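# Tertiary structure, described
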2 protein chains.
Amino acid sequence: MKFSLDCYPCAVRHALWAVRRAGMNEEMQQRALRWVLQGLVDMDAGDGSHSIMIQTHAIIREMTGIEDIYCQEKTQATQEALSLYNQLKDMISQSSDPFETAVRLSIAGNIIDFGALDGYDLNASIERVLQQPFALNDLEDLRAAVERAREILYLADNAGETVFDRLLIETIQKKVVYAIKEAPILNDATREDALAAGLGEVAQIISCGACSPGTLLEYCSPEFRKRFDNAELIISKGMGNYEALSDVRAPIFFLLQVKCDLVAGNLGVPKESIVVTGN
Amino acid sequence: MKFSLDCYPCAVRHALWAVRRAGMNEEMQQRALRWVLQGLVDMDAGDGSHSIMIQTHAIIREMTGIEDIYCQEKTQATQEALSLYNQLKDMISQSSDPFETAVRLSIAGNIIDFGALDGYDLNASIERVLQQPFALNDLEDLRAAVERAREILYLADNAGETVFDRLLIETIQKKVVYAIKEAPILNDATREDALAAGLGEVAQIISCGACSPGTLLEYCSPEFRKRFDNAELIISKGMGNYEALSDVRAPIFFLLQVKCDLVAGNLGVPKESIVVTGN
């Protein structure tokens, strides 16, 4: 997806949040923000919406030497989600439609997002998403595709959300390959984050080879590309993956909460919608 | 007040809002935003918090030839406030403390602000501010100063808010000189906006000579400066005037709603506070 005017304020808001998290002093924060702003000035009209996030985090890494500024937030998010695991597991097994409940919960977990949001309320998200009508509803197509598939490629989004993905994977009882990021970017799940959420017990964890927010195929490893190209069914979580893959032809379903104007406009739904949509 | 890191996202958010209001095409919007961003990159650490707003609106004026992009919003805000005038007038006259009620209503009207906010709910603001404790409360000092004063210099803030100022001026029954902006900037009140709100009947309307957001003395006319320097008592409305005058020695009371982190930090109160504070 292409960078739009709506990305400007969001990018600057996020950059300020990130430089403050990175423990820079005021003068370094100012310098980092100026670099981010210069990057925004220099962007080409055709650049992708991810470019500025990648650039922002490269600047912060370069200035601080810290590889993973979201480490603490990711650990906390995973722990919070794990503390709810038993209760959510019961909720799914007692539901009249465990598949739909598990899909909804996996979307509820998508509120854990430090890219589009400055903070979130996980319990409020669960309560809301269990009731909220889908703005785009390909749930039955997804159900049929899951039933047909022998193996599913599942594209992870954020740490903590991983626990909700695990619940969905446990519910669908198919062979799942769970693709995470090669290295930290934002609060996207890495192998460590997936393992901490217990994904190692229910799926084969692979790296997509990239450390971009969203599975941008041009940054992915050849091994992952091959797997992606040959996948029977792909479940893609979150806005970042939608931004990266919405124009790609593939047997893919996007599960997400719509947290920004750019994605809302592209999907043709209001902000704060929940969506299950096939490509 | 000096520009802070918190001003960056706010400036970009506001600039996007403003270029969209100005009826530019997408390519012009992009160009205008890049100029604003370049202005942010080039700012000096010591620049005032108003600089970027002045720059943004100069860019929009230059690119569109439109002098007053908030014309429609200002007219609507004034009409909405006037539609409440009789009801609020009764509320004040029936109050056990008409002065406090009128002060609170004038602060409630300060929600009308297209600089710090993208939108507002005037009725919700009235309801809230009538009940909300003051985070800084120099109300009794203000009451005594008003009782002593023969003439009050009242620094206007935004169009529509003017109607609430009129109610306060009618309540205090002193000679009031009401200072507005020389030319349009943001939704700050000009002479036309003050007249449309009925201020001509209750106060002497003068221009401060400047068209900066907030009464920045360095931009004001010598006549206004003289009046300011000799004022017995100054009532200053809104954040813009606070940002401009908080460090100036003068017999001044600031009445405002705190709508941004920079001002909240400077006053030492939470965002969304209401404040009556002497200098």
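The text that follows walks through the structure, step by step, so that each part is easy to find. Since we're looking at a predicted model, the values are computed, not measured. (Residues numbered from 1 in each chain as written. Chains lettered and ligands numbered in written order. Predicted model: local features only at pLDDT ≥ 70, side-chain atom pairs only at ≥ 80, totals over all residues. Heavy atoms only, no water.)

## Details of the pattern of salt bridges
Basically, it comes down to this: Salt bridge criterion: a side-chain nitrogen from Lys or Arg within 4 Å of a carboxyl oxygen from Asp or Glu. Burial here depends on accessible area, computed with a 1.4 Å probe over protein chains only, as a share of the maximum for the residue type. Under 20% is buried, over 50% is exposed, and the range in between is partly exposed. Strands here are runs of E lasting at least two residues and helices are runs of H or I lasting at least four, both read from the DSSP assignment and numbered beginning at the N terminus.
Under the criterion given, the structure shown has 35 salt bridges over all chains. The closest approach of N and O atoms between D68 of chain A and K74 of chain A, which form a salt bridge, is 3.3 Å. K74 of chain A matches D68 of chain A in its accessibility class, with the two residues each being buried. A salt bridge links R31 of chain B to E27 of chain B; its shortest N-O distance comes to 3.3 Å. Linking R31 of chain B with E27 of chain B, this pair stays in helix α2 (residues 26-42), spanning four residues, or about one helical turn. Relative accessible area serves as the criterion here: at 48%, E27 of chain B is assigned to the partly exposed category. Here the salt bridges do not stand alone but share partners, grouping D68, K74 and D193 of chain A into one network.

## Remarks on the pairing of strand β5 (residues 233-237) of chain B
Residue and element names in this part refer to chain B. Short version of the rule: Should DSSP find at least two bridges between two strands, the strands are regarded as paired.
The element β5 is extensively covered by neighbouring structure, given that five of its five residues are classed as buried. The two faces of β5 match: L233, I235 and K237 on one face and I234 and S236 on the other face are all buried. Sheet topology places β5 next to strand β6 (residues 252-257); four bridges connect them, and they run parallel. Looking at β6, one finds that I235 is bridged to F253.

## Here we look at the packing of helix α2 (residues 26-42) of chain A against α2 of chain B
Quick note on the threshold: Between N-to-C directions, angles span 0 to 180 degrees; the directions come from axes that are lines fitted to C-alpha atoms, helices contributing only their stretch in contact. Any angle between 65 and 115 degrees counts as roughly perpendicular, while under 35 counts as roughly parallel, over 145 as roughly antiparallel, and the rest as oblique. Take the far helix as the reference: if the near one is turned anticlockwise from it by less than a right angle, the crossing is left-handed, and if turned clockwise, right-handed. Note on contacts: a residue pair qualifies if any of its non-hydrogen atoms lie within 4.5 Å across the two residues. All residues other than Ala, Val, Leu, Ile, Met, Phe, Trp, Tyr, Cys, Pro, Asp, Glu, Lys and Arg, Gly among them, are scored as polar; the first ten of these are nonpolar and the last four charged.
For the pair α2 of chain A and α2 of chain B, interaxial distance at closest approach is 9 Å and the crossing angle is 155 degrees. Classified by the interaxial angle, the pair formed by α2 of chain A and α2 of chain B is roughly antiparallel. Remark: the crossing between α2 of chain A and α2 of chain B carries left-handed chirality. Where α2 of chain A approaches α2 of chain B, its residues R34, L37, Q38, L40 and V41 of chain A are matched on the opposing element by R34, L37, Q38, L40 and V41 of chain B. Looking at the contact of α2 of chain A with α2 of chain B, its residues break down into six nonpolar, two polar and two charged.

## Here's the deal with the pairing of strand β3 (residues 175-180) of chain B
Residue and element names in this part refer to chain B. Put simply, the rule reads: Whether a crossover is right-handed comes down to one check: with the strands pointing away from the viewer, does the path from the first strand over the helix to the second run clockwise; if it does, it is right-handed.
Where burial is concerned, most of β3 is hidden: five out of the six residues are buried. Sheet topology note: the strand β2 (residues 151-155)/β3 ladder contains five bridges and is parallel. Counted as the bridge partner of Y154 is Y178 from β3. For the crossover that starts at β2, traverses helix α8 (residues 161-172) and ends in the parallel β3, the hand is right-handed. Pairing of β3 with strand β4 (residues 204-207) involves four bridges; the strand directions are parallel. The partner of Y178 across the bridge, within β4, is I205. For the crossover that starts at β3, traverses helix α9 (residues 191-196) and ends in the parallel β4, the hand is right-handed.

## Details of the sheet that holds strand β7 (residues 274-278) of chain B
Residue and element names in this part refer to chain B. Across the sheet, which stays open at both edges, the seven strands sit in the order β1-β7-β6-β5-β2-β3-β4 with mixed pairing between neighbours. The open sheet has two edge strands, β1 (136-137) and β4, and neither has a second partner. Packed onto the sheet, α8 meets β2, β3, β5 and β6 and runs at close to 165 degrees relative to β3. On top of the sheet, helix α11 (residues 238-245) reaches β2, β5 and β6; it is set at about 140 degrees to β6, its chief contact.

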